[in-house]
Each structure stands twice: as C-alpha cells, then as structure tokens.
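# Structure assessment
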Amino acid sequence: MDINEKILLLAILKKESNESLNEVVLKLENTGLFTLKEGKKLLKKLKSEEFVSDSFLTLKGELIAKNVEQEFKI
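The sections below set out a description of the structure shown in this document. (Residues numbered from 1 in each chain as written. Predicted model: local features only at pLDDT ≥ 70, side-chain atom pairs only at ≥ 80, totals over all residues. Heavy atoms only, no water.)

### What to know about the packing of helix H1 (residues 3-14) against helix H2 (residues 21-31)
- Viewed as axis vectors pointing N to C, H1 and H2 meet at an angle of 125 degrees, and their least axial separation amounts to 10 Å. It follows that H1 is oblique to H2 by the angle criterion. Of the two elements, H1 crosses H2, and the hand of that crossing is right-handed. Where H1 abuts H2, its residues Ile7, Leu8, Ala11 and Ile12 lie against Leu21, Val24, Val25 and Leu28.
- Looking at side-chain class alone, the contact of H1 with H2 contains eight nonpolar, no polar and no charged residues. (Axes fitted to C-alpha atoms, helices over the stretch in contact; angles between N-to-C directions. Helix = DSSP H or I, 4+ residues; strand = E, 2+ residues; numbered from the N terminus. Parallel < 35°, antiparallel > 145°, perpendicular 65-115°, else oblique. Left-handed = near helix turned anticlockwise from the far one by under 90°. Contact = heavy atoms within 4.5 Å. Nonpolar A, V, L, I, M, F, W, Y, C, P; charged D, E, K, R; others polar.)

Listed below in structure tokens is the structure:
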C-alpha cells in the first residue's frame with residue numbers, strides 16, 4: 001500500500017460524519033497530495049479492495065487506517 005492510499009484511508013477515518021468521500025478527496029487534492037483524477041482512482045481502488053464501502057470504512061479499512069494513524073504518531 002502506498003503512502004497516498006494510507007493518507008486517504010486515514011482521512012476517511014477522521015472525516016466528519018456529514019462529509020462525503022468526494023469531499024475528503026477534494027480536501028486532499030487541495031493540499032497538493034494528488035490530483036482529483038488520481039484521488040478518485042485511489043478511492044475506486046480502495047473500494048475494489050474492500051477497504052471502503054459506500055461512504056464509510058469497512059472493518060478491514062478501519063483496522064488499516066488505525067494502524068496508519070499509529071504509524072504517523074511521533
């Protein structure tokens with residue numbers, strides 16, 4: 001799993017309850033992490049690998065996102 005996928009999973013874990021997945025991708029695109037096209041492609045990949053379902057993380061995705069969160073903590 002590459003760094004952009006990890007950051008996207010973490011961002012989905014930390015998103016507000018009223019935020020959509022597209023809004024999360026747009027926020028990350030605004031930071032310059034990736035382009036909107038790349039972000040949507042990553043989101044689609046995460047959905048196909050069953051880390052994300054509809055507008056939330058699956059159990060598998062949540063476990064990985066929490067591991068990523070620990071990875072980024074100092």
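Now that the structure has been shown, we can carry on.
### Here we look at the nonpolar core
- By size, the foremost hydrophobic cluster in this structure holds 16 residues, and its most contacted members are Leu8, Leu9, Ile12, Leu43 and Val52.
- Listing elements by their share of this core, those giving two or more residues are H1, H2 and helix H3 (36-48).
- Dropping the residues within four chain positions of it, Leu8 is found in contact with Val24, Val25, Leu28, Gly39, Leu42, Leu43 and Leu46. (Core = buried A, V, L, I, M, F, W, Y, C linked by side-chain atoms within 4.5 Å. Buried < 20%, exposed > 50% of the residue type's maximum accessible area, 1.4 Å probe, protein only.)

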